[in-house]
Structure formats: C-alpha cells, structure tokens
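Single-letter residue listing:
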Amino acid sequence: MEITVGDLYDFKSCPLRWKYTHLDKVVKKITTNDGIRESLQSVLNFYYFHLQQGEQLTLADLKEKFSSIWHGHLDIYDIYLGNRNDKRRKELEAIGMLNTFYRQQKYAPDHVLASNLDFRVPFPNDFYIRGNIPVLRDTPRGVELAVFKTGKHKYDEFWQQTDMGLTLMSMAYQSMYKQEIDSIAVHLLRDGSTIYVDRKRKDYQRLMKTVNMVRESIDKGWFYPRETFACDKCPAKKLCMEWR
Ligand code: SF4
C-alpha cells in the first residue's frame, strides 16, 4: 500500500474521516485550505527550476506566475475562499510572503542541487509513503534541505521535532544519496525567519512508530472517530453520527 505524507497527517487527525474520504471516497476531501501553500510552493518550484538552469527570475516574474495560478481557472490548487474580499486579502498575504522570499534570494541566490524532488520511502510489509523535497542546495553548512512554511501557527520546538514531513524528507535523502543530510532549514515566510532543525535516531524511531500504528490500523480496519474542533467542517459528519 502507498500513501502520501498528507494522508499520514489526515489519518492521524481522524481515522474515520480518512476512511470516508480516501478509502470509501463517499465524501469529498475535507479542506480548510485556502490554496496559499500550494500556489506559493508552485511559484517557488518555478523559481528554483529556472535558477538551476542558470536564470534568476525577478520578483515581477514570480508575482506574475502567482497571479496566473491564483486567478487562473485550472482548479488544481484547492483554492477555497469565501468571497472576493477574502480572496484579495489572501492574495496580498501571499504577495507579502513572495516579497520576503525574494528579499532573501535577490543578492544571494541559492546554489540549487535539486528541486521539486519526488520521493517514495519504503517501510516494512510493502508500505510506502510518497512525498516531495522542495529544494536541496549547496551551502557552507553542507548539503541543505530547504522547506518553506506559509501557515500562521507557531512553529515551536514541539512542531519542529514532530514534523513528520521533515523526517520523511530526511529519510528519503538518505535512501537516495546513501548519506545523511547535512542541514535542514525551515523558512517561515510570514515573518522571514529561518529555523535550523536536525533529525536524529529517536526522530526516525518516532516516525516508524507512527507509520506502524497507521499501517496496522488500516490493515485491521480500525477507523475510529476522533472528535475535535475540526468536526465542525467535516463533510462526513452525518456518516460519523451513524458510526457504530
Ligand atoms: S465528524 Fe469528527 S470524528 Fe466524525 S469523521 Fe468527521 S472529523 Fe472524524
């Protein structure tokens, strides 16, 4: 079986909802997502793709790319917004983050080794997790994995250490290049700060435990409801009430 990093988070947040949305597909995926993360990541991928070819795009290029996604009709970025004012407000937030990103890159662009790198990490019993490494770059700290966060929640030490996405990226790097990543940088685009984190044996063990638990729950059909404030927006609420 194969799942994505997103599935892993979805399962942990509510196994029953994951069953209805991913396995049974009887309700649409829940999302409170506004599309900012995906749209900005796509613009950054565009930037790094060109940078790797030796061309540094301008801020205007990035804004234009963002605008084509934000106002486009492709409907592939899960942009869910209430009304036009909301959409404009979010757009300004995103442009602010693009400005922050560009300020950091303008005079010292990254030395890109790879970008937008898909991975598939194998676990015991034919279980795989798919994901993506945004950027690998050459730095004075060695080969560095860089990720960009656009969310509002505080990325404190707890979230840094329990970030399963980072642990999986680090494992994927090890399995692809047969060595440990030298450095991991997390850029918080809302305030322009950068946090350096590492991954140690205990972090991999922690992830293994979670993955084993999720795999076993799926194998044994343990899809229990996990009531939280997220139930308010859950599309499976009705089915959940009938769950026995
Ligand atoms: S209503 Fe809450 S507990 Fe029930 S499936 Fe949805 S998220 Fe899970």
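The residue numbers shown here count from 1 along each chain, following its written sequence. The predicted nature of this model means local features are confined to residues of pLDDT at least 70 and side-chain atom pairs, given and counted, to a pLDDT of 80 or more, with totals for whole chains, interfaces and linings taken over all residues. Working from all heavy atoms in the structure, the side-chain values ignore hydrogens and water.

(A) Seen up close, the site of the ligand. By convention in this text, a residue qualifies as near a molecule or strand provided that one of its non-hydrogen atoms is within 4 Å of it. Cys14, Arg17, Pro225, Arg226, Glu227, Cys231, Cys234, Lys237 and Cys240 make up every residue found near the ligand. Side-chain classes are defined by residue name, with Ala, Val, Leu, Ile, Met, Phe, Trp, Tyr, Cys and Pro counting as nonpolar, Asp, Glu, Lys and Arg as charged, and the others, Gly among them, as polar. Here the shell around the ligand is composed, by residue class, of five nonpolar, no polar and four charged.

(B) A look at the packing of aromatic side chains. Within 6.5 Å between ring centres, the rings of Phe, Tyr and Trp (the latter by its six-membered ring) count as paired, and their orientation is classed by plane angle as stacked under 30 degrees, edge-to-face over 60, tilted in between. Within the structure shown, the criterion is met by 11 aromatic pairs. Measuring from centroid to centroid gives 6.2 Å for Phe11 and Phe223, while their planes differ by 65 degrees, and the two rings are edge-to-face. Of this pair, Phe11 sits in helix α1 (residues 5-13) while Phe223 sits in the loop between α8 (201-220) and α9 (237-242), and the two are 212 residues apart along the sequence. Its relative accessible area of 3% is what places Phe11 among the buried residues. According to the relative accessible area criterion, Phe223 is buried, its value standing at 9%. Secondary structure elements are taken from DSSP: a helix is a run of H or I of four residues or more, a strand is a run of E of two residues or more, and numbering for both begins at the N terminus. Buried means the residue's accessible area, taken with a 1.4 Å probe over protein chains only, is under 20% of the maximum for its type, while exposed means over 50%, and partly exposed covers the values in between.

(C) Expanded view of unusual backbone geometry. Despite not being glycine, Asn125 shows a phi value in the positive range, around 60 degrees. Given the relative accessible area of 57%, Asn125 is considered exposed. Not every positive phi belongs to a glycine, and Lys178 is a case in point at roughly 55 degrees. Its place among the elements puts Lys178 in the loop between α7 (164-177) and β5 (183-188).

(D) Layout of helix α5 (residues 84-105). Helices are assigned an expected span. That span is 1.5 Å times one less than the residue count. Between its terminal C-alpha atoms α5 stretches 31 Å, which fits the 32 Å expected from 22 residues at 1.5 Å a residue. Taken residue by residue, α5 has Lys90, Glu91, Glu93, Ala94, Ile95, Met97, Leu98, Thr100, Phe101, Tyr102 and Gln105 as its buried positions. For α5, the secondary structure elements touched by its buried residues are α3 (36-52), α4 (59-70) and β4 (142-149). The contact definition used throughout considers only heavy atoms, calling two residues in contact when any of these lie within 4.5 Å.

(E) View of the side chain of His50. Looking at the secondary structure, you find His50 in helix α3. Sequence-distant contacts of His50, that is, excluding residues within four places in its chain, are made with Glu55 and Leu57.

(F) Structural view of the domain arrangement of the protein chain. Domain borders in the structure are assigned automatically or taken from a domain database. Examined at the domain level, the protein chain breaks down into domain 1 (31-109) and domain 2 (111-219). Overall, the association of domain 1 and domain 2 removes approximately 1,400 Å² of surface from exposure, summing both partners, and the carbon and sulfur fraction of that is 55%. Here the quantity called buried area is the total loss of accessible area, with a 1.4 Å probe, experienced by two parts when brought into contact, counted for both. If you sort the residues of domain 1 by the area they bury against domain 2, Tyr48, Gln52 and Met97 come out on top, with a joint share of 37%. Note on definitions: salt bridges are taken to be side-chain nitrogens of Lys or Arg within 4 Å of carboxyl oxygens of Asp or Glu. Run the count over domain 1 and domain 2 and you get two salt bridges. The closest approach of N and O atoms between Arg190 and Glu93, which form a salt bridge, is 3.0 Å. In the analysis that follows, any N or O atom pair within 3.5 Å is treated as a polar contact, provided that within protein one partner can donate a hydrogen and the other can accept it, and provided that, for residues neighboring in sequence, both atoms belong to side chains. Where domain 1 packs against domain 2, one counts three residue pairs in polar contact (both at pLDDT 80 or more).

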